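Listed here are the chains, written in short residue letters.
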Amino acid sequence: MSKFKDYEFYEEANSNYKLLPFNFNELDKKQYILTNLVGQYIIINKNQLSKFVNKELSLSDKLYNDLKSKHFLYDAKSDVAIDLLTLKTRTKYRKLADFTGLHIFVISLRCEHSCPYCQVSRRSADTQAFDMSKETAYKSLELVFKSPSKTIKIEFQGGEPLLNFARIQDVVLKAEEMNIEHNRTIQYVIATNLALINDDILEFCKKYDILISTSLDGPLDLHNKNRPRPGNNSHQLALAGINKTRSILGFDKVGALMTTTKNSLGRVYEIIDEYLSLDFDSIFLRPLSPYGFAIKTRSYDKYKSDEWLEFYKKGLDYIIEINKSGHFFCEQFSATILTKILTPFDTGYVDLMSPSGIGIGAIVYNYDGNVFASDESRMLAEMKDMSFCLGNVHEDSYNDILLSPKLLDAIDESFTRSVPMCSECAFEPYCGSDPVFHHATQKDYVGHKPSSEFCNKNMEIFKHLITLMESDPETKNIFLSWINN
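The structure presented is a predicted model; accordingly, all values stated were derived computationally and were not measured.

### Digging into the nonpolar core
(1) Moving on: Counting 122 residues, the largest nonpolar core has F105, I154 and F156 as the members making the most contacts within it.
(2) Moving on: When sequence neighbours within four positions are dropped, the list of residues in contact with F156 reads F105, I107, P161, I168, V171, V172, Y188, V189, I190 and A191.

Printed below as a string of structure tokens:
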């Protein structure tokens, strides 16, 4: 039988430096990107990569010092390197201590819009059986305050939550009362199409500092086509609501989100110009998701991820030129990723968290008391898939819900540091796992990475953003302004 050789045999052949953990991928045909545990990156060619891993770099080599300063290697003169890397890793994962900061209340499934891409299987506006009751709302609040997070965001969604505004008032007033004892920092957000907004609603929002989030898909004809309602006036009502909200709550108290449909693909400049004309300082170029009416109406299948990527890149180029002309304007999804690339901090954006942000980053209390691991989980349930239903506020305790195998198994199986291909990918520090998306599209928490739209889309964006920064210092400064803002 063979036996292991003596310890000396395995000692480093070159004692000048030792390698710290890193992954690498091809960035293009000539260059490789290397990333370490906390996402610091460096771009080198194949010959430099070979010299680095074979420990052939000299102390006088500039690349040696670059790799050393970014924690890809250490030597006898950098004995604090591992401690610094440990500190940055701890910083990267500090969001986990703020366990479940976002709590989403589905106040009603009713909606007077009939958007074909809707991710929620909405109900007609006169079907009150799909409203959250006061009892369910209060039971949900009991779970909210069991969260250890010192900062809590309560977001009211639907359907159209303003169709059950009385329940929003009940939740806010009860939360304020309970918070006298719990002493948390609470922020409230209403996600609404603004068609039903009025002075009374806004005065209540002003009193309790409630933010408004709305939908704006672009100019009048595009928005009305994407978001139909009786009267074909959703765009007019949205703009009137934005102006009314700003006049009463303040200019920065209302934000807008767009969704990219097939009709949007050739109109990215017009969509961005619409946001600029309304003096918004950012936009989220958001693709469709494979849930709810978006599946039933086949809206999700009407374009491929490559088409959306072309839309996104074209829009991003336009936004960069807007910034170069002296006007600050941010693309929010890019800013979220750039924060992960350029800083040791995590934004808490659920789709790009590892461990997965479901349950950890956000949790959803449905109108009927069912509790879901994420907003997408709730949307999946509307398609009769209860894989991520963690329990019910009337039947289960906080521990039963947050320690549900449905949640823990999904998080455990999809942790990117231990997932095949993800664990070896240079872009792992910037990415997430999203087990709900992979379950919805591939019936598996992990998913088959080579055919995963989630992976392909994100990797292409990571490469694109890094290439833009490396090829143009002015663009990098613009990106830095987005994350610093």
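Still more to cover.
### Section: the environment of I337
(1) Moving on: Assignment of secondary structure puts I337 in helix α13 (residues 332-342).
(2) Moving on: Each C-alpha atom of the pair I337 and Q236 lies 33 Å from the other, and the pair is 101 residues apart in sequence.
(3) Moving on: Sequence-distant contacts of I337, that is, excluding residues within four places in its chain, are made with L352, I461, F462 and L465.

### Considerations on the sheet that holds strand β3 (residues 31-36)
Backbone hydrogen bonds are what pair the strands of a sheet, in a parallel or an antiparallel way.
(1) Moving on: Spatial strand order, β2-β3-β4: three strands in an open sheet with antiparallel pairing. Sheet topology places β2 (22-26) and β4 (41-45) at the edges, where each strand pairs with a single neighbour. In this sheet, adjacent strand axes meet at a mean angle of 25° when their direction is disregarded.
(2) Moving on: Examined bridge by bridge, β3 and β4 share five bridges and lie antiparallel to one another. By the bridge assignment, I33 is partnered in β4 with I43.

### Considering α13
(1) Moving on: Burial within α13 is extensive, with nine of its 11 residues counted as buried.
(2) Moving on: Every buried residue belonging to α13 is among F333, S334, A335, T336, I337, L338, T339, K340 and I341, and all of these are buried.
(3) Moving on: In this structure, the buried side of α13 is in contact with β4, α12 (305-324), β13 (330-331), α18 (453-471) and α19 (473-484).
(4) Moving on: Measuring from the side-chain oxygen of the N-cap residue of α13 to the backbone nitrogen of F333 gives 3.3 Å; that N-cap residue is E331.

### Observations regarding the packing of α18 against α19
(1) Moving on: In the contact formed by α18 and α19, the axes pass within 5 Å of each other and the chain directions differ by 125°. Considering their axes alone, α18 and α19 lie oblique with respect to each other. Taken together, the residues of α19 that come into contact with α18 (itself represented by L465, L468, M469 and S471) are P473, T475, K476 and F479.
(2) Moving on: Residues belonging to the contact of α18 with α19 are distributed by class as follows: five nonpolar, two polar and one charged.

### With respect to the packing of aromatic side chains
(1) Moving on: In the structure shown here, the tally under the stated rule is 22 aromatic pairs.
(2) Moving on: Geometrically, the ring pair formed by Y17 and Y64 is edge-to-face, given 5.4 Å between the ring centres and 75° between the ring planes. Of this pair, Y17 sits in the loop between α1 (7-10) and β1 (18-19) while Y64 sits in helix α3 (residues 62-69), placing them 47 residues apart in sequence. A single burial state applies to Y17 and to Y64, both of which are buried.

### Here's the deal with the side chain of E112
(1) Moving on: By secondary structure assignment, the location of E112 is in the loop between β6 (102-106) and α5 (134-144).
(2) Moving on: Accessibility expressed as a relative area gives 13% for E112, which makes it buried.
(3) Moving on: In terms of polar contacts, E112 uses its side chain to reach the side chain of H113, at 2.8 Å.
(4) Moving on: There is a polar contact of 3.3 Å between the side chain of E112 and the side chain of N193.

### Some points on unusual backbone geometry
(1) Moving on: At the junction of G158 and G159, the peptide bond is cis and its omega measures out at 20° in the coordinates.
(2) Moving on: Summarising the element assignment, G159 is placed in the loop between β7 (151-157) and α6 (165-182).
(3) Moving on: Following S354, the chain continues into P355 via a peptide bond in cis, with omega recorded as 0°.
(4) Moving on: Along the chain, the position of P355 falls in the loop between α13 and β14 (362-365).
(5) Moving on: Backbone geometry places D434, a non-glycine residue, at a positive phi of 45°.

### Some details on the packing of helix α10 (residues 268-277) against α12
(1) Moving on: Packing of α10 against α12 brings their axes to within 9 Å, and their N-to-C directions diverge by 45°. When the interaxial angle is binned, α10 and α12 end up oblique. Seen along the crossing, α10 lies across α12 with a hand that is right-handed. Contacts between α10 and α12 involve V268, Y269, I271, I272, D273 and L276 from the former and F311, K314, G315, Y318, I319 and I322 from the latter.
(2) Moving on: Grouping the amino acids of the contact of α10 with α12 by side-chain chemistry returns nine nonpolar, one polar and two charged.

### Describing a negative patch on the surface
(1) Moving on: On the surface, D409, D412, E413 and D444 cluster together to form a negatively charged patch.
(2) Moving on: Within the secondary structure, E413 is located in helix α16 (residues 405-413).

### What to know about helix α17 (residues 435-442)
(1) Moving on: Of the residues making up α17, those classed as buried are P435, V436, F437, H438 and H439.
(2) Moving on: Elements in contact with the buried residues of α17: α14 (375-381), α16 and α18.
(3) Moving on: Count one or two residues on from α17 and you reach K443, which has phi positive near 60°.

Rules used in this analysis
Residues numbered from 1 in each chain as written. Predicted model: local features only at pLDDT ≥ 70, side-chain atom pairs only at ≥ 80, totals over all residues. Heavy atoms only, no water. Core = buried A, V, L, I, M, F, W, Y, C linked by side-chain atoms within 4.5 Å. Buried < 20%, exposed > 50% of the residue type's maximum accessible area, 1.4 Å probe, protein only. Contact = heavy atoms within 4.5 Å. Helix = DSSP H or I, 4+ residues; strand = E, 2+ residues; numbered from the N terminus. Pairing = 2+ DSSP bridges. Axes fitted to C-alpha atoms, helices over the stretch in contact; angles between N-to-C directions. Polar contact = N/O pair within 3.5 Å; in protein donor to acceptor, adjacent residues only side chain to side chain. Parallel < 35°, antiparallel > 145°, perpendicular 65-115°, else oblique. Nonpolar A, V, L, I, M, F, W, Y, C, P; charged D, E, K, R; others polar. Phe/Tyr/Trp six-rings, centres within 6.5 Å; stacked < 30°, edge-to-face > 60°. Left-handed = near helix turned anticlockwise from the far one by under 90°. Patch = residues over 30% accessible without salt bridge, like charges linked within 9 Å, V, L, I, M, F, W, Y side chains within 5 Å. Areas by Shrake-Rupley, 256 points an atom, 1.4 Å probe, with all protein chains shown as cover. Salt bridge = Lys/Arg side-chain N within 4 Å of Asp/Glu carboxyl O. Lys, Arg positive; Asp, Glu negative; His and termini not counted. Charge placed at Lys NZ, Arg CZ, Asp CG, Glu CD.

The analysis is restricted to geometry; functional conclusions fall outside its scope.
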